[in-house]
Structures are given as C-alpha cells and as structure tokens.
Amino acid sequence: MILSEASVSKIKEKAARYPRKKSAILPALTVAYRQLGYVDEEVYRAISQVIGVPYVEIAEAATFYTMFPKKPRGRYLIQVCHNISCALLGADSLIGYLEEKLGIQKGETTEDDLFTLISVECLGSCSTAPMMQVNDDFYENLTREKVDGILQELKGKA
Amino acid sequence: MAKATKNADKPAAVQTVSLTIDGRSVTVPRGSTVLEAARRFGIDIPTFCWHPKLKPVGACRMCYVEVEKMPKLQVSCALEAMDGMVVHTDSDLVKRGRKAIIEFILANHPLDCPTCDKGGECDLQNLTFAHGVDDSRFDFTKYRFVDEGMTTTFDDKRIGPEIVLNRNRCILCYKCVRANKEAFGEYDLGVYERGNIAQIDAAPGEQVDNPFSGNLVEICPVGALTNSDWRYKIRVWLTRTAPSVCNFSSAGTNTLIFGDNHKNHLYRVTSRMNDEIDDGWLADVTRYGYQVVNSPDRLKTPLIKKGGKQVEATWDEALEVIRKRFGEIKDKFGGVCVGAMVAPNLDNASLYGASKLMRTVFKSNNIDYRGYYRMLPGDPESPYMILQSQPFRIADIDDCDLVIAFGSDLVREHHNQYLRLRKAYNFAGTRIFSINPYRVKSADISELELVYGPGTEEAVINGLCLAAAEEGLADKSLANELLSRIEPKTLREAARFCGVPEDKLRVVARSLSEASKVTFFAGEIVARSRERDLIAGALLNLNRLMGITGRGQMAALVRHANSKGAEKLGLLPQPRAGLVDELGMIWGAYPDCAANSTDAMMALIKKEEIKGFLVIGANPMMLYPDQQFVREGLERLDFLVACDLFETATTELADVVLPLASWAEYRGQYVNLEGDVQTASEAMAPLPTAKPGFEITNLIAGVLGTPLYGDRSELDGEIERLLELDSVIPCPDRFMEVKPVSEPKSDGYNVALYIMDDSHHYVHLTEKAPSLANFVSEPYIELSPDLAAHYKIQDGDSIRVESEVAKVILPVRISDHIDNEVVLVPRNFTSKPVTSLLMRKRRIDRVKISKVDE
Amino acid sequence: MTFYSPVITNAADAAKDDRLHLFKYVEDPDQYKIATYEAHGGYKAWKKVMGGMTPQQVTDEVKKSGLRGRGGAGFPTGMKWGFVPKDSPKPRYLCCNADESEPGTCKDRVLMERDPHGVIEGMAIASYAIGCHLMFIYIRGEFGHCIERMEQAMDEAYAKGHLGKNIYGSGYDLEMIVHTGGGAYICGEETALLNSVEGERGMSRIRPPFPAVEGLYACPTIVNNVESLASVPHIINHGGDWYASLGTEKSKGTKIFSLSGHVRKPGNYEVEMGFNLKKMIYDPAYGNGILGDKKLKGVIPGGASTPFLTPDQIDVGLDYESLQTIGSMLGSGAIIVFHEDTCIVWTILKLIHFFRHESCGKCTPCREGTGWLEQIIKRIEEGGGQPGDVEKIDDICGNILGRTICPLGDAAVMPIQSAIKHWREEWQYHIEHKECLVKTKFEFK
Ligand SMILES: Cc1cc2nc3c(=O)[nH]c(=O)nc-3n(C[C@H](O)[C@H](O)[C@H](O)COP(=O)(O)O)c2cc1C
Ligand code: SF4
Ligand code: FES
C-alpha cells in the first residue's frame, strides 16, 4: 500500500466523521497529497480500498481538481499566481525571473529534483501581490531580493 | 412513518397541472417537466443530455424554451410544469438559443460524418439539420484528443471488449456515465479533467465490460461510443428492422433486430423501449446474443450416424431413419419407452408441438422442459409450483417501498429486474434487502445484505417467521399454528442454523410488516436447490403469516424466455389437472401412463426402460447437474434424435441430428415471466436447411403416420385455448411443514460451489456470439479476496477445483463483492465440463481448491 | 515566514470605531487563541443564543439586521435561512463557504487566519437558527495555514464546550467538519460546493431544487460566506437594529473590501456600506492613490466577474444598489485597480483564461464558449486578430450570458462585454495594428 499507516489512519478518522463515505474522497486525496506530494492511479486504488468507494469515483474527482499534481514532482513545488492582481504587479516577470534562477521552464523540475515551477490561478493573496506558494507556504509581496532569499533558504533546508 | 405519508401522497400524485405550450393548453400530471408535457402532446423539443429514464442534469442546454414572466431561457428538461405557465418552444429567442448551442457543440466536433457509424441516426447530425446554422464562425483548429501510441487517424480508443471511444466526437452529455452509475450500478466508466478538456474514458487501467455496457453505445447521441458489433459494417439506412423479444431472459426484453435482406444477415439488436418490461435497457447478452444466428458454425444439414460416425444427410434421409427407428421402438416396446426434452426458450408452437407429438403420437408422458434442475418435483401443485405460478409484474417494483430479493444472483440471471430495483431505489427511495448465500452485486443499492450458510434457505425463512412471531408482528393464533408446523421453534436456533444474526432477521421481519407495498421474489438459487419445495413451503408460510401477496407480489421467478409458456402449455410430465382436462378435450384423449421428469427419465434411460429420446434445443450433456449420469444414460439409448443450432455435447451422441432454426428466423410467440404473450417477428429467412421446432415435430409425427396439424392456424388455435386457462395456483390456507434439512460436509470439501450463467452469457447458446466471447470465453472460478489470500492465489492464477466426482483446472477471478467461503463457476463454455463437478443428489456441492504450481 | 498573511488592514481604525466590528481585533497576534477571543467578548453571542433564544428569534434578528450575503450574490441572509422547510424530517446542514477563489478577493482568508473563532461562532449561531447539528466549513485547499488555524480553533471550541454534545447544558448538539478543497474556483459556487463535499466532481447543479430545500445529501442546506457568518455574532450581541443603522438605506452594515492592483496601499479594509470608491482608491488611509502617480484607467469593483468601471464612474458608493445603477456589481467586494499602462486585451485575456480554466465543463455554453473566447482573445493579443473579432466576441458573450447552469458563465462574460463597451477603440487598434495601444510590461520589484 502506497499510503503510509499514518495516512491510512488519518483518512479513516476523517472519513468516520462524514454522514456518507463518498465525502471522504477529497479529505483522502488531501492526506495522500500531503504524504506524497502527488496523487495517481495507484493512490486512487489505495484510497478506494481504504474508504470503500469505487476506484473510478476517486479518479474522476481527483482529476477534476488541479491542486494535486498527478505525478511526482520536485521537493519544492513553486506555484506562482499569474492571475490578474498579481499580473498587474509583475507576476509574469516573476515567473521569468524564477525560470532564469532555477534554469528551468515553467512546468519543469530542476535536475536535482528540488524545485518544480508552475503557474496557477488566483491564490487569494491579491492585496499582497505578487506572490507564490511553495508547498503549503505562501510568500507574498515578492521582490527579487525576497525571491533570492527564499530560494537560498529552501536549498539550505534541503 | 414514511409509508403513511407515502400513502397519503398517493392521491396527490394523480393531481394535474394545466399550462399553455405554443398556444395549446395542456394538462399533465403534477411533477412532469415542461419537456415531458410538450412531448406528450407531440410538441418536439430537441435534447442531447436528457434521457427518459435518468434524472435530468440540464447540461447540454439544447432544450431551451421561453417561459413568459421568466427573464432567461429555461431548460425544459429540468423545469417542472406549473399551473398557468405560458411556454414557447419555437420563439425567435429559443431558436437563437438552440443555434448557439449547436454552434458551440460543433466548434470542436469533428465533421467526420462520412466515416462515422452514427451517421443517419446521430442526434447531432439531425438536430444540426433541423436547428443549426449552415456555417461555423469557429475558425481555429479543432481540439483533438490524442493518446500516446494512438496510430489510427480516427482517434479511436478501445475502452472495452466491445466499445470504442472517440473522445473528439463526445459532446459531454454525460448520459453514458450517468446511466452506467445510476441505472446499472457500474463503475468502469468515468469523466476526467474538467472544463473544455473534460473527457469520458474507462476507469484508468480498466475496461468497460459490465453486463449492460452495450446500452452506453445505444444512448450515445453521437458517434463517440461505438461497438465492434456494428462499426464499419453497414450504414443504418441500408438495414431493415424487425421487432423481436429477447430469447435469453425470462423478462422478454423488447428488441429491434436490424437485418439486411440481400445478405440474409443480421447486424445488430437495439432496444424497443417497453416501460412495462425493460425501460429501454438491454443486457449485453440480449444485445449481442443474436450473433449466434450468423455463426458459421450453424448446423447446415441433418446428420445421420453411420458406422459410429455422423455424416451429412438430407432431411428426407434423416426423416426416414427417424420413421424407422422410432417406429420400431413404438411398435416393439410401446410409445411410453420414448421420452423428450425441450428447451424453455423455444416458441409456443415448438413447445406445444413437442408435447402433442409425445402425447398423441407416442402416447407418452415422458416430457420435460426443465433440463437444468436436479430432483424435480412431480406434483403439479407442489409448493414450488405454487410459488412459481404467482402473478408478478416487473413494473410493479417501481413504487414498492420494500423489495426482498431472495436466493437470486440478480445481475446474472434477471437483468431487467435488477435494473428495476435500481430504478425504484433511485426514484422512489425503495428499500432493498437481498438474502443470499453470498454477497451479490447489488450491494450499492441494498440497504441490508444477509448472507446465509449455503443450503439453509428454509431456516432463514423460518427465522423470519419466528422473528415476526416474537416481535408480535403477526396474528397470535396464526403464529401459534405455524409454530406447530416448523422447526426450529425459536429465532435464536433458526439464526444459529442459517448463520444470519438474529437482529438482522428481526429488521427484515419488521420492515416486511411495516411496508405498504412489497415485492418479494425467489430466484435461481432456490429454483436449482434440491430442496426447492421445502424452501417454497417456508416462503408460502411466511406469506400466509405476514400477508405479502395481499400488498404486493411474491413469486419464484422463472428463468427462461418461454418457461412460462412451457408451464402454460403443459410441457411438464404432469401438468395441472385443468390443463390435462383441456388437452384431453383438444386431442380427444390424454395418455394415461407414468409421467417422468428429466431426472426420472435419465434414470429410466439408464435402466434401459426408455429407449428412444428426442431433444429439441436442450443440452443436458453440458448443463444437467451430473454429466456422468447423463452420459451413462444417453449412451445406452437405442435411438437419440437431437435438434439444435449447433453441434453440442448432446448432439454428438445422437443418431440423428437436425438443424434447428433460430428464433430470429421465424415468427414465434413467447410468454414472459409476467405471463404476457409477446411476438418475435421474422428478422431473416431461415437458413436453407434449418427448420423451426414446430415444423420438425410435425414432420416426425407425419412420418410416423399422424401429422400434428394440417394448417398452422390449427396449431395456433389450440395454443390459444391453453393460454387462456388461468395458471395461477392459489396459495394454500394452511401452513406447510418445514423442518430444515442439513447436509453433512464430506471431509476436506469445504467450499460451497455455485454453478450458474456468467452475466454475459446464456446457457450453452451464446459462446458462439463473438461479441460476448470478447467479454468472457472461458470458464473461471470467482472467489473472495480472503479465500484467495488464504490459498495465496492472485487474479489469473490457475487453481484445481476438485469435487468428490471430478476435477477441473480454472483461472481465478477475485470478486469485489463475495466475502465468504463460496466459489462461483459459469457453465457456459464447452471448453471445460464444469457441471461434471456436480452431483445429482446433493443439495450443496462442495469442493476443495488448491493452487496449481507451474 | 510569517504565519499571518502580511496583508494590510485598517484594524487600527476599527479598534477605535465601534462600527467596524469585523476587524476590531484582527491585528492582535493572539486573537486566534480562544482565551484571547473570549477575553474580547467572544462566544458571548453564542451563549446568549443558547441561553434561551429560539431559532426563530435568531433568524428574525438577522432579518432585522438587513445583512446580505457577502459571497457575491448579496442575498438577504435571514431570508435565506427562512427558506429551510420547517417540517422536513431530514437533517439540515450548514456550509460555510470559504473557497475564496474569485480573483481579487482575499478577505475571508484574513478572517479565518486571524479571527477563526469569530467564524466558528457565526457558524454555530446560524446552525442553531436552521436546526443543523453538523456544520461544515469548506476551505480552499491551497490555504494550508488557514486550514490549520481553523482546525486548531475548532479543537479549542470543542474542548471548551462551545461545540459538541449538549452545549452549555442546553441539550443542543453541534458538530463541525473542516472540509478542504482541491483547487477549483467553481467549488465556491454553492451547488458545486455541495457536490464537492459529497465527494462528487465539483460541478454545479441545476436549480431548483435550491439548497435550502434540497442541498447536501439531498437535505435542506444553507451555504453562507465566511464574512456573512462572521457578522452574525455581532448582530446578536448588538442587535439587528444596531447593524441596520450602519451602511446605507438598502445595504446595511459593514463590508470588507480587498483592494489590489495598481494602488500604493493594497489591503483589506472594513468600511461601512456605501463608502466612496474614489476615497477607497485615493485616501492615504486606504489605497493612497495610484502606483507611480499614473493615471487611472479602470476599476473592477467586485471581483474578476464584475463589469469594469471607468475613471468617471468611480465617485460612487460601495453598496449593492449604487454599483448596480452604474452597470456593475458589488460582488465579493474585491476592488482591482488598473492604471494607464494596462492593455485591456491583455487584461481580458488573463480573465478569460481563468474562467476557461475554472469552468466545470458541465454546460455547453460555458464549456465551449469560454474556450472559444480565449482563443479569439489570445490571437488578438498576439497580433493575429481578424476584422469582426470584436463583434464575434460580443455575440458569443451574448450566447453565454443567462444561458448557463450557474453564474460562472455570466461571470466570465460580463467583464468582457463591459471592456468592449468602454474600450472598443483599443480592441480595434489591437486588431488593426497587431499590437497593444498601451505597452503593458509589469516588472516585479
Ligand atoms: C463561480 C462562483 C464562485 C463563487 N465563489 C464563492 C466563494 O469563493 N466564496 C463565497 O462565499 N461565495 C462564492 N460564490 C457565491 C456562492 O455561490 C453563494 O452565493 C454564497 O456562498 C452564498 O453565501 P452568502 O449568501 O453569504 O453570500 C461563488 C459563486 C459562483 C457562481
Ligand atoms: S456555467 Fe460553467 S461552471 Fe457553471 S455549470 Fe456551466 S460549465 Fe459549469
Ligand atoms: S436536454 Fe435539457 S439541458 Fe440537455
């Protein structure tokens, strides 16, 4: 089973609170995503077993939502908001800057599997634009200087 | 509680509303949609995503109407008709709305109509013609789904044994996915991604291979889903259709057969929606089973055994042999030394002809249509026969508040009823309980699934009676009377005997007593049991105690296309008295001699007391539960005549083999399980040498000296007289004695074996339908994940299945619903004689299984 | 990494001004803790309700307050609660809509991160009013910290007996589930949200039946925005009349506006309804004027799905009616400001890309229409525009507007139509000259 014991028990615990078992699909996907950083067919299969919902329904729901990468990605998933409020404050140039710094194109992962860079829709940080999300953390009011510091810090932690 | 309000609602349900549609005032039942209201009055509103048997989703937006006082266009498929509404279905605004929808849909829809199999019957093509624009303003390259490794230019992707998907043609009406889940309870097809790249596909890594999958192709409004059956074979406008009924189920699903006169070839079967029976859904076996008619393996000429080998012969030669050999037996030993067995999916005329041949020419009562059941009852009014004769209507399931399916693996044996249960569950909130020796595939709609120990049916039912008595749900004196007739005497003991928890039995009893309308039926697991009469007795007791037939229906369901016809026409050794009298009147005499059922005949054959035998359409060698026994008998016969579409294990032993015409080749009538007579019309001319059963029996009678009829209408008239007789046997007004019998297990044989039809097949007939063989073409053994784990076996492994009398090696299929120690094996394939595992006198067959090491 | 979003608020004003209740304590770093929340008078309203108000009284108080939904549609909250059938034997549910994904909107996140108990208390009161015993908060999945905060706050509330069985000995039980999304704007639409909670794909449902009658698990369900619910405890504490005394004639109370784009001081500001938009943009206490002292080009007043306003239209009250009168909408209260260097085609391309990406794909006009629109707008932006493209866009918009299952279709086309109305020459220029009239190039610092 690709899901860890901790994930399985967390999923079961969450599932038990809902009136119907199908409701546990999103919570289960979320738990799996937090464990693995992505979800795929193997994960759907495992979730289906844990919560007792047909496999296809997990796949259908999972592919509807764009937050869960569908294949393994770098250790840090950098998601830059390219929507309007951020774009007005230079989101496109921020993406360009990151591409340059990381030496990859949007959608790619660095060779050392550390960073994956993608652009996404509005993340609800419009008043603190431009911004990016790295895994679960929001980095807002970004400047070149801040970006340099953040990348440095993340590399340091790795 | 719910039932009280439901009843109170009843009168409200017939309330009506009146509205105006396109200037006409119309009145419809409250709760109808505007679309339904319009259709009812012949006003056509175009649709894509609407389906009469599914809940509306309002997705395609094609069914726009304008409603006065509502600012926006409304989708009529989801708009409830209200009193006083003024609706326009053809205003300028509506027309513009529709045009826009067509334009949107066509934007990314390939215009490959010339190579699309839906051409000529495509909703998009037709509605574009009727409502669309003649030019598209979309001037971009159309979006095209491409799969890795896709090589054809047609963007086709096989997603199941029969189904090919072209996602570019898909207009996302979601009908297939909705029907699959909602109506069929199947989870092998889904929608993935979202927005304009949303797409239909099989469950990742899986196949769309459920027993109803063909419907998905039929309801697809465009050519996104097609099946190999029909693809690239013929254009629809070059075909001719004939109304028919399914020959593989007792419901008598209504169908249309598409044929081509020039080639005398059949091309496909689609539904001919009959709300009373099928709601327009066909099981795959119904849809693809027709292919056997086209099979190159059909018997082309009669065969005669010469020097131990069967050789081709003419009809005249064959009939001459029959005249001689049957004549000799008749003269030397008497006609009573001849017996016959007929298939219960033959039409009325063929069945009746066989009976008339036996009883008027041979003057023998050795005839039976029940070739698949062991230890048959002789008494025409036995409890099982009573239960089987009870009235039953499929459509009555729709508004029941409780349905109990007992001893029935529905998906395998009664497709239509299974879908009805789903419908009732979806639309009427019906509670469904299933009671079986293993978990069956209706779990997602079953509120309660009781699993009893194999072979303890009567204890379960006694348990329900006892629960009712203990809970005070039944009349005290009735309950006391019952108590003196049954064993055990307490719920606790009954529960222990059958392995179903006491509290569950109480829940069922309570629900049964509370429900205002109930359907309760027993299926093949009861029918095939050696103790069917005991079980039926218990069920009749339950009925008497709780009054089920008084507020709904309770019956044992028949299994075959014309089982009911066979009953009504007297194809039993000992028909009911009324029938015998009538037959005597029609024929002038009715034979007064011993009457033997299938297994009794087999025994007599073995004792060489029956010497001549006629088999029409049946295949006891493959299907009777004890092949050894049948073989020993049939081999000893002086003379065996077998008629079939194909060479079978039974025809192999015959002295004369006659090619039988299929149901699609002549007009025939069939009585479905509800007792309705339905007609299958001639969809093609019979193969040059094949003949319908009634012609064959008439020819045999003729060569023996007395043809059965001069003119076909004579025969039909006689049949009509018989069909008019009431065949319902009243339920007895006393309790039956029911003491559960337990069967000791033999050492080491621990696993209960159930042999039945695969859900894509019907007895020995359908393995020659290529489409059905694409689903399953080999027997397998289905078992629970736990059992698999116990024997360390995986899906696809081979295992040895051993009974006390035989062993076979079968590939494993791990079930996603079975969870106890039983195994299921399909009986539909000639490659492995699985019925050899069974013993004629056993109640439950037990086997041991072991992994075959490579 | 700061736990709080670094968003600027006008909490300092709120601390002094009793009318500004939502932001009163949002800058207090401990407000998220239950002790601090309680010290600031938290759960008083809930106790008051549990102490003897009937559900009807609660609903009446909210009706009296004139509170209207802050999620976008502005439907009167008390009236919505009143739609829950009184005699239905089914369970009822409350779903707090915290999917906050409308571009420009970032207000609910601040409330949840900084004052989560305020949201829980509001949810509890609303639940009681409609007879619900299991309430959900649907938080967009990307808000990792919000989710953590909310779960922590929920655990605290349980521990202190504000939630759970037999609350304050009243015999009333209330459970709460934090349900998180998976990245789909459409799940903010109430029926899609319900599907998402049920484990279905987050696609919208046709109405009727309305959720209040047949919502989650086909049971009566009320969906309310975070801000709407966070306002409820204050209404209970101070009375509906007090709340109704704030704001304008028809738009009562206060509202948080998320200000973003080309302003010097973007942030979330709680103001009374009817507050002047111009003041919001230019006043030093709020937006403090346009970045780089550029000229204002246009404003989106209520989130990415509301029509644009031109500079001559901004002297207007931020309330439902005033904005409607001039052809736009209050929406979720997300004000996006554009200065003169912004190309309108570029802007619209960003927006339509978003709506195309977020369309659930269920209904034809939205699914096919947004894709088609994006393709045309993209080619214009990239210099491939064809004569007639603008008219075509306008016509396609017309074929979507009012024809879809849910308002996402409308949301996608309303800004486009207004952008064509206001800046048609710029579109034409773009097509004819194959380039922007205004050279847009926004660098980040
Ligand atoms: C596409 C779409 C997205 C929406 N997103 C949100 C959202 O993120 N948060 C929200 O509260 N309401 C959102 N809404 C509005 C909700 O459908 C609903 O009207 C609202 O949650 C009701 O709460 P209220 O009455 O308190 O405003 C959205 C509506 C649409 C059509
Ligand atoms: S308008 Fe768009 S988002 Fe709403 S139902 Fe239709 S396709 Fe889905
Ligand atoms: S038929 Fe009504 S929306 Fe599709």
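Bear in mind the structure is a predicted one, so any value in this text is a computation, not a measurement.

Here we come to the interface of chain C and chain A. Listed per partner, the contact involves 72 residues of chain C and 52 residues of chain A. Summed over both sides, the interface between chain C and chain A buries roughly 4,700 Å², with carbon and sulfur atoms accounting for 57% of that surface. It is Arg 201, Tyr 217 and Phe 444 of chain C that lose the most area in chain C upon contact with chain A, and together they represent 16% of the buried surface on that side. Where chain C meets chain A, there are six salt bridges. Between Asp 92 of chain A and Lys 350 of chain C there is a salt bridge whose closest N-O contact spans 3.1 Å. On the surface where chain C and chain A come into contact, there are 31 residue pairs in polar contact (both at pLDDT 80 or more). Elements supplying a minimum of two residues to the side of chain C that touches chain A: strand 2 (132-139), helix 8 (144-159), strand 3 (175-180), helix 9 (190-198), strand 5 (254-261), strand 6 (267-272), strand 10 (334-339) and helix 14 (344-358) of chain C. Here the element with the most residues in the side of chain C that touches chain A is helix 14 of chain C; it accounts for eight residues. Of the residues contributing to the side of chain C that touches chain A, the split by class is 34 nonpolar, 25 polar and 13 charged.

Now for the packing of aromatic side chains. Where two aromatic rings form a pair, the distance of their centres and the angle of their planes describe that pair. All told, the structure shown has 44 aromatic pairs over all chains when counted by the stated rule. Relative to Phe 212 of chain B, the ring of Phe 184 of chain B lies with its centre 5.3 Å away and its plane at 25°, an arrangement referred to as stacked. With Phe 184 of chain B in the loop between helix 5 (175-183) and strand 8 (189-192) and Phe 212 of chain B in the loop between strand 9 (199-202) and helix 6 (214-219), this residue pair connects regions lying 28 residues apart in the sequence. For the pair shown, Phe 184 of chain B and Phe 212 of chain B are each scored as buried. Each residue in the set Tyr 18 of chain A together with Tyr 93, Phe 136 and Tyr 217 of chain C is aromatic and connected to the rest through ring pairs, giving one cluster. The ring of Phe 694 of chain B carries the charged tip of Arg 712 of chain B above its face, separated from the ring centre by 4.2 Å. The cationic tip of Arg 149 of chain C hangs over the ring face of Tyr 32 of chain C; the distance from NZ or CZ to the ring centre is 3.3 Å.

The subject of this paragraph is the site of ligand 1. Residue and element names in this part refer to chain C. Taken together, 18 residues form the shell around ligand 1, and within it Gly 71, Lys 80, Asn 97, Asn 225 and Ser 228 come nearest. In this structure, an oxygen atom belonging to ligand 1 sits 2.9 Å away from a side-chain N or O atom of Asn 97. Ser 228 places a side-chain nitrogen or oxygen 2.6 Å from an oxygen atom of ligand 1. In the complex, the protein chains occlude 91% of the 600 Å² of accessible area that ligand 1 would expose alone. In terms of residues, the shell around ligand 1 owes the most to one element, strand 4 (residues 221-225), which gives three residues. For the shell around ligand 1, the residue count by class is four nonpolar, eight polar and six charged.

Before going further, it helps to examine the pattern of salt bridges. The tally for this structure, following the rule as stated, stands at 92 salt bridges over all chains. One salt bridge in this structure joins Lys 181 of chain B and Glu 57 of chain A, with 2.8 Å as the shortest N-O distance. Residue Lys 181 of chain B is located in helix 5, and its partner Glu 57 of chain A is located in helix 4 (residues 55-64); the two belong to separate chains. Here Lys 181 of chain B and Glu 57 of chain A have matching classes, each one buried. Among the ionic pairs, Glu 635 of chain B bridges to Arg 631 of chain B, the shortest N-O distance being 2.9 Å. Of this pair, Glu 635 of chain B and Arg 631 of chain B both sit in helix 24 (residues 627-636), four residues apart, roughly one helical turn. For Glu 635 of chain B, a relative accessible area of 49% puts it in the partly exposed group. One salt-bridge network, held together by shared partners, links Lys 53, Asp 275, Asp 279, Asp 398, Arg 420 and Lys 423 of chain B.

Moving on, we come to the site of ligand 2. Around ligand 2, the surrounding shell holds 13 residues, and the nearest of these are Ile 186, Cys 360, Cys 363, Cys 366 and Cys 406 of chain C. Broken down by class, the residue content of the shell around ligand 2 amounts to seven nonpolar, five polar and one charged.

As a further point, take the sheet that holds strand 7 (residues 163-165) of chain B. All names here are of chain B. Judged by pairing direction, the sheet is antiparallel, and its three strands sit side by side in the order 6-7-10 without closing on themselves. Both outer strands of the open sheet, strand 6 (157-158) and strand 10 (225-227), are each paired with one neighbouring strand and no more. Both strand 7 and strand 10 contribute to a ladder of three bridges, which runs antiparallel. Bridge pairing in strand 10 places Leu 165 opposite Leu 225.

All names here are of chain C. The geometry of helix 6 (residues 107-114) relative to helix 10 (residues 226-238) is characterised by a closest axis approach of 9 Å and an angle of 50° between their N-to-C directions. As the angle between them shows, helix 6 and helix 10 are arranged oblique. Between helix 6 and helix 10, the contacting residues are Lys 107, Asp 108, Leu 111 and Met 112 on the first element and Val 226, Glu 227 and Ala 230 on the second. Grouping the amino acids of the contact of helix 6 with helix 10 by side-chain chemistry returns four nonpolar, no polar and three charged.

All names here are of chain C. In this structure, Ile 167 sits in the loop between helix 8 and strand 3. With a relative accessible area of 0%, Ile 167 lands in the buried category. Along the primary structure Ile 167 and Lys 47 are separated by 120 residues, whereas in three dimensions their C-alpha atoms are 9.2 Å apart. If we ignore the near neighbours within four places in the chain, the residues touching Ile 167 are Trp 46, Met 50, Gly 161, His 162, Tyr 172, Asp 173 and Leu 174.

Residue and element names in this part refer to chain C. Pairing is mixed across the open sheet formed by four strands, whose spatial order is 6-5-10-8. Of all the strands in the sheet, the pair left with one neighbour each is strand 6 and strand 8 (296-300). Mean inter-strand twist for the sheet, computed between neighbouring axes without regard to direction, equals 25°. Relative to strand 6, strand 5 runs antiparallel, the two sharing six bridges. Residue pairing in the sheet places Ser 258 in a bridge with Asn 268 of strand 6. In the packing of helix 6 onto the sheet, contacts are made with strand 5 and strand 6, and the angle to strand 5 comes to roughly 115°.

A separate point is the domain arrangement of chain C. Size of an interface, as often reported, equals the accessible area lost when the parts are brought together. Residues and elements named next belong to chain C. Split into domains, chain C comes out as domain 1 (11-244), domain 2 (254-336) and domain 3 (344-433). For domain 1 and domain 2, the distance between their C-alpha centroids amounts to 26 Å. On the side of domain 2, 22 residues touch domain 1, which itself brings 23 residues to the contact. Carbon and sulfur atoms supply 51% of the area buried between domain 1 and domain 2, which totals about 1,800 Å² over both sides.

Reading the values: rules and limits
- Residues numbered from 1 in each chain as written.
- Chains lettered and ligands numbered in written order.
- Predicted model: local features only at pLDDT ≥ 70, side-chain atom pairs only at ≥ 80, totals over all residues.
- Heavy atoms only, no water.
- Contact = heavy atoms within 4.5 Å.
- Buried area = accessible area lost by both parts, 1.4 Å probe.
- Salt bridge = Lys/Arg side-chain N within 4 Å of Asp/Glu carboxyl O.
- Polar contact = N/O pair within 3.5 Å; in protein donor to acceptor, adjacent residues only side chain to side chain.
- Helix = DSSP H or I, 4+ residues; strand = E, 2+ residues; numbered from the N terminus.
- Nonpolar A, V, L, I, M, F, W, Y, C, P; charged D, E, K, R; others polar.
- Phe/Tyr/Trp six-rings, centres within 6.5 Å; stacked < 30°, edge-to-face > 60°.
- Buried < 20%, exposed > 50% of the residue type's maximum accessible area, 1.4 Å probe, protein only.
- Lys NZ or Arg CZ within 6 Å of the ring centre and 35° of its normal.
- Near = heavy atom within 4 Å.
- Areas by Shrake-Rupley, 256 points an atom, 1.4 Å probe, with all protein chains shown as cover.
- Pairing = 2+ DSSP bridges.
- Axes fitted to C-alpha atoms, helices over the stretch in contact; angles between N-to-C directions.
- Parallel < 35°, antiparallel > 145°, perpendicular 65-115°, else oblique.
- Domains from an automatic or database assignment.

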